[in-house]
Amino acid sequence: MLTPADLQSRFPEGGVIVASPNESFRQKILERIDPSLGTVTEALGGADALAKLDSSPCRLLLLDRRLADLQTEELLSLVRSRFPELRIVLLDSEKEPPALVSDADDAAEALLHQDARPGEESSPLEEPSAAPEVDDQSVEPLPEMIGSTPAMIQVFRLARLVAPRDTTVLLAGETGTGKELVAQAIFQLSRRAKAPFVVVNCAAIPDSLIEAELFGHVRGAFTGAVQSSLGRIHSAHGGTLFLDEAGELPLNLQAKLLRFLQHGEVQRLGSPDVFRVDVRVIAATNADLIERVGRGEFRADLYYRLAVFPIDIPPLRERQDDIIELAENFLAALAREARLPGKPLHPASKALLRGHRWPGNVRELQHVIERAFILAENRVAITPDLLLLPPQPARR
C-alpha cells in the first residue's frame, strides 16, 4: 500500500495544476483527484498553465491534450525545458477522466503506476504521442545569429518552433543579448515575413506621447496634433509589432494595450471609431516583469497575455564557448567592409576575451572588436593590447 510518505518521496513539494479549456472536464478532475496530492489549481489553457507554473511551485501537471491556445507538443517542450522536475500526466477532455479518487491510495496509484520520471509525460488513459526529440546538432542558428552552446541552441529551437504561428512571444534577457535579432528572425521565419515589421521602443518614447504613437490620433486630439495618424499598431496590420522594452510601458496605457491583445481592436485618440487589425505581437524586456507585477508596476493580466510563449535569451557570460566564434565573425565582417585582409585573434587575446564578464553582452563584445580592428592598422593579428576592455563590475 502506498503511504503519504511514499507519495511525498515520489513527488517534489508543490501542488497540482489541472489545465484544460473545458470547464466541465476540469470539474470532473477536481472531483476525482486525491487531496493528498496538495493544493489544486485550475488553468484555462496552456498559457495560463505556464503563468501558474511560474508563480507557484507545482509537483504535478494534469494537462488536457486539446488546448485552444497552444499546440500540446509546443507546451510540453517548453515545460520540459523550464521545469525539468515536474511530473506531467496527459488527459483527453473528450474521454472520461480516470477514477482518481476511489480512495487516497488508489488515487495515488492511478497517477503513479506508470512511474513517470521528471520531464516525461504519462497518461492514465493512453500512451502519449511524445513530442519529437530534437537533435541539438540539427537546429540551425537563427538568421544573423551565432551560437553553439546549449543555451543558444534552445533559443534557436524555441524560436523556430513558434515562428510559423501567430502566438504572442515574450523575449526576456539583459540589454545587448540580441532580443531584437531573435524577434526579427521569428518574423522572417513566419508567414508574415513579407508584411510590415514595426518596432516600438517603449523606453524611448515619452509617456505623454506613447499612447498616440501606438494607437494613433485624430487632428486636434491634443496640443501639437496638427494632422491625423493611424499609429504604429495599425501600421503593422498584417505583419508583426515588436514592443521593445515592454516593461517600461506606463501603467495607465497597459489596460488599453491589453484590450488590443484580447480583441485585436484599436481606437485612436480623439476618435470614437474602432478599427480591427491583424497583428502578431513580439515583446521584449530586460526587466523582471514578475517582480514588477508584484510591486504593482505592471499588470498581471497583461504579463500573461504577453508571455504566452516566453523565450529567455542567456547573457554572454553564460555562453562562453560562443565568445570567440562571435568575435571572429565580427572581425571577418569588418575586414570585408573595409576590403582588408582578415586579422585573426592572438591566442592571448582569446584568453582575455573568455575571461571578461561582458556586462554589455554581445553588443559590448562587438564594440570592443570594432575598436580593436580600427586600432590594429597594419598589424597582422589582434593582440591583447588592442582590446580596450572596460572595468569589470564587482561580482555579487
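A short tour of the structure in this document, coming up. From a predicted model like this one, the values you see are computed outputs, not experimental measurements. (Residues numbered from 1 in each chain as written. Predicted model: local features only at pLDDT ≥ 70, side-chain atom pairs only at ≥ 80, totals over all residues. Heavy atoms only, no water.)

## Description of the environment of Ala159
Then, in step 1: For Ala159, the location among the structural elements is in helix H6 (residues 150–162).
Then, in step 2: Spatially, the C-alpha atom of Ala159 lies 6.0 Å from that of Ile186, the residues being 27 residues apart in sequence.
Then, in step 3: What Ala159 contacts, discounting residues up to four positions off in sequence, is Leu142, Val182, Ile186 and Ile311. (Helix = DSSP H or I, 4+ residues; strand = E, 2+ residues; numbered from the N terminus. Contact = heavy atoms within 4.5 Å.)

## Notes on the pairing of strand S2 (residues 40–43)
Then, in step 1: Looking at chain direction, strand S1 (residues 15–19) and S2 are connected through 4 bridges and run parallel. Opposite Ile17, over in S2, you have Thr41 as the bridge partner.
Then, in step 2: In this fold, the crossover linking S1 to S2 by way of helix H2 (residues 23–32) has right-handed handedness. (Pairing = 2+ DSSP bridges. Right-handed = clockwise from strand over helix to strand, strands pointing away.)

## As for unusual backbone geometry
Then, in step 1: The phi dihedral of Glu245 is positive, around 55°, even though this residue is not glycine.
Then, in step 2: Mapped onto the elements, Glu245 comes out in the loop between strand S8 (240–244) and helix H10 (251–263).
Then, in step 3: Although it is not a glycine, Asn361 sits at a positive phi angle of roughly 60°.
Then, in step 4: With a relative accessible area of 0%, Asn361 lands in the buried category. (Buried < 20%, exposed > 50% of the residue type's maximum accessible area, 1.4 Å probe, protein only.)

## Describing the nonpolar core
Then, in step 1: Counting 41 residues, the largest nonpolar core has Val182, Ile186 and Ile311 as its most contacted members.
Then, in step 2: Considering each element in turn, this core owes the most residues, 7 residues, to H6.
Then, in step 3: Not counting the four nearest positions on each side in its chain, Ile311 is found in contact with Val155, Leu158, Ala159, Val169, Leu170, Leu171, Ala172 and Ile186.
Then, in step 4: In this structure, Ile210, Ala236, Leu289 and Leu302 belong to the second largest nonpolar core, which totals 30 residues. (Core = buried A, V, L, I, M, F, W, Y, C linked by side-chain atoms within 4.5 Å.)

## Quick look at the sheet that holds strand S6 (residues 169–172)
Then, in step 1: Read across the open sheet, the 5 strands follow the order S7-S8-S11-S6-S12; overall the sheet is parallel. Edge positions in the sheet fall to strand S7 (197–201) and strand S12 (309–312), since each has one partner strand and no second. The mean angle between the axes of side-by-side strands here comes to 20°, regardless of whether they run parallel or antiparallel.
Then, in step 2: Strand direction decides the pairing type here: S6 and strand S11 (residues 280–285), joined by 4 bridges, are parallel. Paired with Ala172 across the strands is Thr285, a residue of S11. (Axes fitted to C-alpha atoms, helices over the stretch in contact; angles between N-to-C directions.)

## Structural notes on the pattern of salt bridges
Then, in step 1: Under the criterion given, the structure shown has 20 salt bridges.
Then, in step 2: Of the charged contacts in the structure, one is a salt bridge between Arg66 and Asp92, with a shortest N-O distance of 2.6 Å. On the criterion of sequence distance, the pair formed by Arg66 in the loop between strand S3 (58–64) and helix H4 (72–82) and Asp92 in the loop between strand S4 (87–91) and helix H5 (104–112) is long-range, its members being 26 residues apart.
Then, in step 3: With a relative accessible area of 3%, Asp92 lands in the buried category.
Then, in step 4: Note that Lys350 is salt-bridged to Glu328, the shortest N-O span being 3.6 Å. Here Lys350 is found in helix H14 (residues 347–355), whereas its partner Glu328 is found in helix H13 (residues 323–338), with 22 residues between them in sequence.
Then, in step 5: You can call Glu328 partly exposed: its relative accessible area is 37%.
Then, in step 6: One network of salt bridges, in which partners are shared, links Asp166, Arg191, Arg192 and Asp278. (Salt bridge = Lys/Arg side-chain N within 4 Å of Asp/Glu carboxyl O.)

## Comments concerning the packing of aromatic side chains
Then, in step 1: Applying the stated criterion across every chain, the model contains 3 aromatic pairs.
Then, in step 2: Between Phe197 and Phe242, the aromatic rings sit 6.1 Å apart at their centres with planes inclined by 15°, giving stacked as the arrangement. Note that Phe197 is positioned in strand S7 and Phe242 in strand S8, a separation of 45 residues in sequence.
Then, in step 3: Take Phe242: its relative accessible area is 0%, and that puts it in the buried class.
Then, in step 4: Between Tyr303 and Tyr304, the ring centres sit 5.5 Å apart and the planes meet at 65°, which makes this aromatic pair edge-to-face. (Phe/Tyr/Trp six-rings, centres within 6.5 Å; stacked < 30°, edge-to-face > 60°.)

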